[in-house]
Amino acid sequence: MGDPYQNNIGGQDGYGYQEDYPPQEEDAASDVTEGHDEDDQMYEGEYQGIPHPDEVKAAQRAARAAARAKAGTEEEESLAEEYEAIMEDCGHGRFQWTLFTVTGLALMADGAECFVVGFVLPSAEKDMCLSNANKGMLGLIVYLGMMVGAFVWGGLADKLGRRKCLTMALAINCVFAFLSSFAQGYGFFLFFRLFSGIGIGGSVPIVYSYFSEFLSMDKRGEHLSWLCMFWMMGGIYASFTAWGIIPHYGWGFSMGTEFQFHSWRLFVLVCALPAIFSLIGLSFMPESPRFLLENAKHDEGWMILKQVHDINWRAKGEPERVFTVSQIKAPKQDNEFIEIQSSTGTAFQRWAVRSATLTKQVLKNILSLMSPDLRLSTLLMAIIWFTMAFSYYGLSVWFPDMIKHLQHEEYESKIKVFHRERVHHFTFNFSLENQIHKEGEYINQVFQGLVSVKFEDSLFEDCYFEDIRSTDTFFENCTIKSTVFYNTDLWEEKFIHCRLENTTFLHSKKGCHLDFREDNDVLIYLVSFLGSLAVLPGNIISALFMDKIGRIKMIGGSMLISAGCTFFLFLSFSQAAIIAWQCLFCGTSVAAWNGIEVITVELYPAAKRTTAFGVLNALCKLAAILGSSIFASFVGITKVVPILLSFSALVCGGLIAFKLPETREKVLL
């Protein structure tokens with residue numbers, strides 16, 4: 001039976017070191033070592049009996065090799081062990097921090113994307129005259145796109161490469177985010193936001209896998225947890241920019257009545273900036289060497305590892321450190337016949353062969369997640385991802401909706417009702433707001449300011465309505481005679497069971513217009529800002545303790561504590577209380593998110609890593625759609641159902657988390 005690995009460059013045991021540095025003349029001495037003798041280079045801890053860090057790492061490697069030999073899996077895991085040893089030799093330094101920033105910006109773009117539609121919806125619904133059904137679809141379309149994107153890009157990244165797929169995904173997001181900001185119609189806006197979501201949906205599955213493959217085992221848990229902080233920064237960035245841009249409705253321009261560019265469209269553009277900066281940064285980053293080695297591209301992988309080594313040690317002031325790896329075992333490529341087929345025939349035939357082959361490989365990879373050795377882990381992770389996302393995203397929608405509901409109740413409690421008014425020859429040149437006028441009689445009146453006013457069973461004769469912009473003013477069972485509506489947005493749907501006689505509409509405004517104080521209520525931005533900021537302590541704690549207490553305890557403990565926090569929601573009788581409980585819930589649940597993302601990377605082998613992450617993240621977005629829809633439907637009806645649903649889901653997921661294997665002391669498969 002042949003060796004499943006091939007050696008591209010000579011050496012022994014698949015992991016060779018150069019025996020000696022290039023020979024020097026006897027009297028030659030480098031500038032670095034001149035003036036030092038060997039005793040000066042002695043390790044300080046040697047006098048205290050403390051082993052050298054290199055000796056500790058060597059002992060750990062030997063222990064892992066012994067355990068592997070005992071289990072009979074030496075050949076299967078040799079590449080993983082070799083790669084771990086190489087990453088330890090490369091060190092953690094400037095290269096990882098640069099990649100940390102670039103991939104973090106991609107994650108920040110994903111975080112901002114989740115908030116964009118929610119922030120622009122109050123303004124967009126007026127600009128586009130959206131019905132309640134259209135608003136609901138617009139709110140869910142981004143999650144639908146992200147679900148598709150996670151599934152597709154996750155599968156492709158295991159076959160085409162992490163960097164390549166992340167670049168394509170971010171490029172698609174940027175292009176369609178730009179187009180959506182200029183879309184005037186609801187259909188186009190919906191279409192562009194869908195594809196924007198498909199693009200950004202690939203960022204989470206790829207970013208964690210890509211970054212983790214440049215980390216050694218002792219750095220992986222902590223630095224992946226620090227990376228999670230960028231998602232929080234995306235929420236803060238979106239909240240802060242929405243607060244600063246959207247209320248300034250005059251920040252825009254128009255070209256006639258058909259094209260308008262208001263402040264909320266500028267906000268959509270600004271939210272694409274993190275993706276643009278990440279895209280620029282990725283152009284300077286290399287492909288994952290682990291992906292290249294898994295795909296038998298030994299020379300390319302070796303060169304990138306050498307580059308990482310040299311960048312890190314040069315930045316640490318040790319440019320003389322030599323990359324001593326001479327060769328690495330790389331798996332053989334099994335699809336030589338496919339490569340021959342895809343390089344013959346017409347351009348279309350070659351494209352068809354490559355596409356069909358790629359699709360089959362991706363689907364095969366997805367199905368392999370249910371193989372006997374991965375089935376249990378996949379099922380457990382699917383339940384944990386689903387329950388966590390169902391509760392988190394459901395409550396994330398429920399919190400601001402409850403605040404809006406309380407605001408609406410407070411607003412309605414202040415409604416003024418006027419009965420049987422008789423007004424003649426008067427000019428209303430001030431705003432009438434939050435009022436109901438019943439059985440009134442208005443003769444020869446001028447109305448110039450109406451905001452949230454309802455007229456019932458009233459008579460209007462010889463009246464003049466001018467410059468009215470109000471989507472919440474209605475006339476019900478009224479008689480309107482010899483009246484002129486000039487430059488208003490009052491259309492037929494505003495007149496319910498009314499009788500219009502000799503009534504004229506001149507220069508009527510098309511579309512809908514922003515006019516309510518609720519449209520740009522800064523409290524909603526503040527709620528999202530505080531909810532995102534509350535995640536900071538949990539992020540710091542999880543990063544510092546991820547490698548100390550382990551992934552399993554982090555996930556299970558955080559989910560169970562978050563479940564307990566949901567019962568405080570029974571005490572949410574005011575806006576301040578809701579904001580406080582939201583901050584508490586977000587702060588305690590973030591540690592579970594960080595642990596889930598770290599362990600998802602570590603449970604699966606390199607050839608299936610982004611595929612598994614993509615499938616699980618797609619399931620997460622499905623849970624987000626279900627959770628946000630279900631929880632929103634109970635706003636103003638009852639608190640009991642959302643609280644019990646979130647509590648049950650979190651307890652279920654937290655208990656199941658303790659059934660997962662611990663991965664903190666395992667090499668990246």
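Everything in this summary refers to the structure shown in the same document.

Cut-offs used in this document
- Residues numbered from 1 in each chain as written.
- Predicted model: local features only at pLDDT ≥ 70, side-chain atom pairs only at ≥ 80, totals over all residues.
- Heavy atoms only, no water.
- Helix = DSSP H or I, 4+ residues; strand = E, 2+ residues; numbered from the N terminus.
- Buried < 20%, exposed > 50% of the residue type's maximum accessible area, 1.4 Å probe, protein only.
- Contact = heavy atoms within 4.5 Å.
- Areas by Shrake-Rupley, 256 points an atom, 1.4 Å probe, with all protein chains shown as cover.
- Phe/Tyr/Trp six-rings, centres within 6.5 Å; stacked < 30°, edge-to-face > 60°.
- Pairing = 2+ DSSP bridges.

1. A few points about the overall build of the protein
Argument step 1. In terms of helices and strands, the protein carries 21 helices and 20 strands.
Argument step 2. When burial is assessed residue by residue, the protein has 52% of its 669 residues classed as buried.
Argument step 3. Long-range contacts, defined as pairs at least 24 residues apart, comprise 68% of the intrachain contacts of the protein with a sequence gap of at least 6.
Argument step 4. Roughly 30,800 Å² of accessible area belongs to the protein as shown, and the carbon and sulfur atoms make up 60% of that amount.

2. Examining the packing of aromatic side chains
Argument step 1. The tally for this structure, following the rule as stated, stands at 48 aromatic pairs.
Argument step 2. Pairing phenylalanine 390 with phenylalanine 631 gives two aromatic rings, centres 5.5 Å apart and planes at 80°, and the pair type is edge-to-face. Here phenylalanine 631 lies in helix α20 (residues 609-633) and phenylalanine 390 lies in helix α15 (residues 375-412), a separation of 241 residues in the sequence. In this structure, phenylalanine 390 and phenylalanine 631 share a single accessibility class: buried.

3. Concerning the sheet that holds strand β17 (residues 484-486)
Argument step 1. One open sheet holds the five strands; their spatial order is β8-β11-β14-β17-β20, and the pairing between them is parallel. Strands at the two margins of the open sheet, each flanked by one partner only, are β8 (427-428) and β20 (504-506).
Argument step 2. For strand β14 (residues 464-466) and β17, the ladder comprises three bridges, and the chain directions are parallel. Looking across to β17, one finds that tyrosine 464 is bridged to valine 484.

4. Description of the side chain of serine 562
Argument step 1. Within the secondary structure, serine 562 is located in helix α18 (residues 551-565).
Argument step 2. Beyond its immediate sequence surroundings of up to four residues, serine 562 is in contact with Phe585, Thr588, Ser589 and Leu650.

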